[in-house]
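Okay, here's what each chain looks like letter by letter:
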Amino acid sequence: MYEINETRNRRILVIDDNEAIHEDFRKVLAGRVFNATASNSYTAFFGEESADKAELSFEVDSASQGQEGLEKVRKSIQDDRRYAMAFVDIRMPPGWDGIETVGHLWEADPDLLIVICTAYNDYNWTEMSQRLGCMDRWLILKKPFDNVEVRQLASSLTEKWDLARKAELKLNELKQTIGTTNRRLEAFRKAVDAAGIVALIDLQGTILEVNENFCSVSGYTRDELVGQNHEIVLPEHHQAEFFEELYATAKQNKIWRGEICNRAKDGTSYWVDTTIVPMLDENDATVSYFTLRIEISDRKKLMGQLHSQAYNDSLTGLPNRAAILDSIQDSIKLGDAHHFALLFLDFDNFKLINDSLGHDMGDELLKAIADRLRNTLRETDQIKPARLGGDEFVVLLNGLAKLADATVVAERLLEVFSKSYQLGPHTVYSTASIGLVTNAYQYQTASDMLRDADLAMYKAKAAGHGSYLIFDQTMREQAQYQLQLESDLRKAICQNEFSLLYQPIVALESGTLEGVEALIRWQHPERGLISPDDFIPVAEETGLISDIGKWCLNESCRQFAEWRDKFDSNAPAFLHVNVSRRQLLEPNLTKFVQEVINKHAIPPERLHLEVTESLMMQDQKTIIAILKELRKLGIRVDMHDFGTGHSSVSSLHEFPLDLPKIDHSFVMNAKHVKDYAALLQATLTREDNIHLQVVAEGSIDSEQLILLQALGCKYEQGYLFDKPSSVEEIQCLFGTKFNWAQNQIELQSQTVSTT
């Protein structure tokens, strides 16, 4: 096959029955001659320099008859060494003449250029033209030949053949390129047509053409769509601003891309991902618009479901934490002129109901709470209830005329949630505790506002079930103080900042010191002495009480053992140590107590562990089992602050107790209030009957002690004898007897406290 960059074809075939003529052609064409004209034409046509523009040479073959010449032409084609031209004699008896020979040659090779050589007028011009056709492939050379004319013909015709082949190759390449491009475009068109919804629209919005997908999705036929305005498929879903932006983009000859809600013929809506491409003329002016739409209704539905899952609570259907935080933030962005409030709701007894009736009933309660919120508030853009998680709900109140209006909503909700719920066969109550915060504090973030509403809710819960509190700055300051206190508590454990004070327990009859109670103190390096009333609740809530309690028990037992070794019989006979609820519920408490008394060689009956009355009454079955395990070790168990809880005198025998400690409120009021004195006497009488020793707390004068002794109380712990003291101070009392009257005089200048 001829390649465009190959050397030019200079092969010439001479067909003549005269062998001398063959030799003459060889001599004429074997020479070299400069050919500027041919070279210039080549450069002008192909844009490149001729391979050899200075000299030309030719390869000449010959044949004596037309049949022989035809065979040579066929052989050249077979060998891919075609002739560019042929000199053919008009007369070649006895075979074909020149005209007939040329006809056969062109059948074999239509591109062969012919020069007919003749000295006779065997054929006139008209006849030759009729038989050979137009003269773009043949010329006539009159005999006798002119050598220069022969060379010029050879040069021009071989150059023409060469240029024609290269032009043919260029054309074939172009056809192949166009064919490939057309096939690609056709494949692209088929793909777009198969997958997309296609329409052509003019500048006025008139539909010019649609594909089958457009008809299938919209429900219209092609005839119903073509000629109609494209608004035939546009519902009133989008705002005017949406289309203003679309049209502005299109008028700037820019491609627009976005999601559009379309309307089908039956009135249903469907979503399409739309691309609008301006179709431009040669002057880059828009003449029409090509629109490609991909239906995304299923995707939009899925996205809606995912959005619902992401922003709605699956159990109640209310907005969830993420959704309400976004709404709060949107309200904050409206500025100070926009009055709004946030209510934080937590439901009392929910954990008890959930644990006792099961999680399914707990879920039913949460759904009932959500229903009451919806029915009471009638959710709108201005009022948005939401569930944060667990039994925590919030209500966002927008557009308040005045911030005080939020309290009206809070009171209405308290009333609604004070009523019972019917959960299957069970009637339950779960009142609400509500924290309320307004935007008067100029919040910057939704999370800060939610935090403060949460703080107010916890304060309301602590104040009593079924109430609400409005947030104020002191709540946050107190919360920050508690947070800092927790951090400092952790450091205090590591840095050994705690110490123990000891308060004597005195036998009233003899005045001797019978025992001591260990009381923890915290000497903060910056804040000074911090009261147990401040840090013990924090330690309880954070779980740090476990480590603190272990330290307290171990340190007090160590000190008690040291006193026994040093002071022998003058040392206190008993050690009293307080135990918190969290400590008591630890599964390894009994093991730890055993290890401590073994470590310090303390007889177990000398150790009293004190548990508050309120703690014992919270879960009697569990607490009684734990106390029994402790008593198996031989240690004593005391009920601390007896009289402040709900236990009765008659129920004391139900607990595995060794010693109740009567709260100081009984002691202080006994001589003034007849009921207190009667109850105190009943307690002492009952405990004497069941052989329990009793310690009274809080005596501040000798009259109280006389009354206690008259009622049969054996022991007292209070400021009348001594305040909580350091190790050095308490040791001074070992082996001594207390003088009530003298202690009464010293007490006049002291602040009354039993801590």
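Bear in mind the structure is a predicted one, so any value in this text is a computation, not a measurement. Within every chain, residues take consecutive numbers counted from 1 along the sequence as written. Local features in this predicted model are restricted to residues whose pLDDT is 70 or higher, and side-chain atom pairs enter the listing and the counts only when it is 80 or higher, whereas totals over whole chains, interfaces and linings include all residues. Heavy atoms from the whole structure form the basis of all side-chain values; hydrogens and water molecules are not counted.

## Re the overall build of the protein chain
Counting its regular elements, the protein chain contains 27 helices and 26 strands. Among the 755 residues that make up the protein chain, the fraction classed as buried is 45%. We call two residues in contact when some of their heavy atoms are within 4.5 Å. Intrachain contacts of the protein chain at a sequence separation of at least 6 include 66% that bridge at least 24 residues. Computed with the Shrake-Rupley method and a 1.4 Å probe, the accessible areas treat only the protein chains shown as cover for residues. Surface accessibility of the protein chain: about 38,700 Å² in total, with carbon and sulfur atoms responsible for 50%. Strands here are runs of E lasting at least two residues and helices are runs of H or I lasting at least four, both read from the DSSP assignment and numbered beginning at the N terminus. Between buried and exposed lies partly exposed: a residue is buried under 20% and exposed over 50% of the maximum accessible area for its type, with that area taken using a 1.4 Å probe on protein chains only.

## Points about the side chain of His 524
For His 524, the location among the structural elements is in strand β19 (residues 513–524). Of the residues examined, His 524 reaches a relative accessible area of 6% and is grouped as buried. Any pair of nitrogen or oxygen atoms within 3.5 Å is treated as a polar contact; in protein, a donor-acceptor pairing is required on top of that, and neighbouring residues in sequence qualify only through side-chain atoms on both sides. Separated by 3.0 Å, the side chain of His 524 and the backbone nitrogen of Arg 527 make a polar contact. What His 524 contacts, discounting residues up to four positions off in sequence, is Asp 488, Glu 497 and Ile 530.

## Focus on the nonpolar core
Grouping buried Ala, Val, Leu, Ile, Met, Phe, Trp, Tyr and Cys residues that are joined through side-chain atoms within 4.5 Å yields what is termed a nonpolar core. Of all hydrophobic cores here, the largest spans 58 residues; its most connected members are Leu 584 and Leu 607. Looking at which element gives the most residues to this core, the answer is helix α18 (residues 545–567), with 8 residues. The contact partners of Leu 584, leaving out residues within four places of it in the chain, are Val 579, Leu 589, Val 611, Leu 615, Ile 623, Ile 626, Leu 627 and Leu 630. With 29 residues, the next largest nonpolar core counts Leu 366, Val 395, Ala 410 and Ile 434 among its residues.

## Details of the sheet that holds strand β11 (residues 341–347)
Note: two strands are recorded as paired if DSSP finds a minimum of 2 bridges between them. As summarised here, the arrangement of the 5 strands in space is β12-β13-β11-β16-β17, forming an open sheet in which the pairing is mixed. If you trace the sheet from one side to the other, it starts and ends with β12 (383–389) and β17 (468–470), each paired once. Each neighbouring strand pair of the sheet contributes to a mean axis angle of 20 degrees, computed without reference to strand direction. Where β12 lies against strand β13 (residues 392–397), 6 bridges are found, and the strand directions are antiparallel. Residue Ala 386 lies in a different strand from β13, and its bridge partner there is Val 394. Running over the sheet, helix α13 (residues 359–377) touches β11, β12 and β13 and is turned about 10 degrees from β13. The strands that helix α14 (residues 405–417) touches are β11, β13, β16 (432–438) and β17; relative to β16, the one it contacts most, it runs at about 170 degrees. Note on geometry: axes are lines fitted to C-alpha atoms, helical ones only across the stretch in contact, with angles between N-to-C directions running from 0 to 180 degrees.

## A closer look at the side chain of Asp 488
Tracing the sequence through the fold places Asp 488 in helix α16 (residues 473–495). Within the structure, Asp 488 has its side chain in polar contact with the side chain of His 524 (distance 2.9 Å). Setting aside its immediate chain neighbours within four residues, Asp 488 contacts Trp 522, His 524 and Arg 527.

## A look at the state of the cysteines
By definition, a disulfide links the sulfur atoms of two cysteine residues through a covalent bond. In what follows, a disulfide is any cysteine sulfur pair within 2.5 Å. Applying the stated criterion across every chain yields a total of 0 disulfides. Here Cys 557 is not cross-linked by a disulfide; its sulfur's nearest cysteine counterpart is in Cys 552, at 9.1 Å.

## Focus: the environment of Lys 384
Along the polypeptide, Lys 384 turns up in strand β12. Placed 11 residues apart in sequence, Lys 384 and Val 395 show a C-alpha to C-alpha distance of 5.6 Å. There is a polar contact of 3.4 Å between the side chain of Lys 384 and the side chain of Ser 327.

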